[in-house]
Amino acid sequence: QESGKSGALFWFTGDRKYILKTIERCEVTKLIAMLEDYGDHLEFNESSLLSRYYAVYSFSYNDEEFLVVAMNNVFQTGVKLNFVYDLKGTTEDRYV
């Protein structure tokens, strides 16, 4: 399923516990750069609602490279959610 302005594609496992999401190479670079601090944060904040990234895969189809990240679905926690906010990382082309 395509979602949002980025055009990223999302796939959910049958039980909806895990997500595969297409990402850009620059996002992989940023993820790798923050990996140590991210891991430390999750180690000391086990109940954090941040996504858990499990793997990044690269594959080619018709000579085009695709990058996919595997992560948990933070909305499948078993906790009743009263509010869900869609936080954006940029103010570019965002109007209220």
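This write-up is about the structure you can find in this document. (Residues numbered from 1 in each chain as written. Predicted model: local features only at pLDDT ≥ 70, side-chain atom pairs only at ≥ 80, totals over all residues. Heavy atoms only, no water.)

**Section: the packing of aromatic side chains**
Inference 1: Scanning the entire structure with this criterion turns up three aromatic pairs.
Inference 2: A ring pair is formed by Tyr-18 and Tyr-54, whose centres lie 5.9 Å apart and whose planes are at 65 degrees; its orientation type is edge-to-face. Here Tyr-18 is found in strand 3 (residues 18-23), whereas its partner Tyr-54 is found in strand 4 (residues 53-61), with 36 residues between them in sequence.
Inference 3: Ring geometry for Phe-59 and Phe-66: centres 5.4 Å apart, planes at 20 degrees, overall stacked.
Inference 4: Sitting over the face of the ring of Phe-12, Arg-16 holds its NZ or CZ atom 4.1 Å from the ring centroid. (Phe/Tyr/Trp six-rings, centres within 6.5 Å; stacked < 30°, edge-to-face > 60°. Helix = DSSP H or I, 4+ residues; strand = E, 2+ residues; numbered from the N terminus. Lys NZ or Arg CZ within 6 Å of the ring centre and 35° of its normal.)

**Things to note about the nonpolar core**
Inference 1: Formed by Ile-23, Val-28, Leu-31, Leu-67 and Val-69, the largest nonpolar core amounts to five residues.
Inference 2: Sorting the residues of this core by element identifies helix 1 (25-44) and strand 5 (64-72) as the ones contributing at least two each.
Inference 3: When near neighbours in sequence (up to four residues on either side) are disregarded, Leu-31 contacts Tyr-53, Val-56 and Val-69. (Core = buried A, V, L, I, M, F, W, Y, C linked by side-chain atoms within 4.5 Å. Buried < 20%, exposed > 50% of the residue type's maximum accessible area, 1.4 Å probe, protein only. Contact = heavy atoms within 4.5 Å.)

**Digging into a nonpolar patch on the surface**
Inference 1: Residues Leu-9, Trp-11, Leu-20 and Tyr-57 make up a contiguous nonpolar surface patch of about 370 Å² in total accessible area.
Inference 2: Relative to the helices and strands, Leu-20 is located in strand 3. (Patch = residues over 30% accessible without salt bridge, like charges linked within 9 Å, V, L, I, M, F, W, Y side chains within 5 Å. Areas by Shrake-Rupley, 256 points an atom, 1.4 Å probe, with all protein chains shown as cover. Salt bridge = Lys/Arg side-chain N within 4 Å of Asp/Glu carboxyl O.)

**Some thoughts on the environment of Ala-8**
Inference 1: Summarising the element assignment, Ala-8 is placed in strand 2 (residues 8-12).
Inference 2: On a C-alpha basis, the gap between Ala-8 and Glu-24 in space is 8.9 Å, while along the polypeptide they are 16 residues apart.

**As for a negative patch on the surface**
Inference 1: A cluster of acidic side chains, namely Glu-36, Asp-37, Asp-40, Glu-43 and Glu-46, defines a negative patch on the protein surface.
Inference 2: Among the structural elements, Asp-40 can be located in helix 1. (Lys, Arg positive; Asp, Glu negative; His and termini not counted. Charge placed at Lys NZ, Arg CZ, Asp CG, Glu CD.)

**Examining unusual backbone geometry**
Inference 1: Backbone geometry at Arg-16 places phi at a positive 65 degrees, although glycine is not the residue there.
Inference 2: Considering the arrangement of structural elements, one finds Arg-16 in the loop between strand 2 and strand 3.
Inference 3: The residue Asn-62 is not glycine, and still its phi comes out positive at about 50 degrees.
Inference 4: Relative to the assigned elements, Asn-62 resides in the loop between strand 4 and strand 5.

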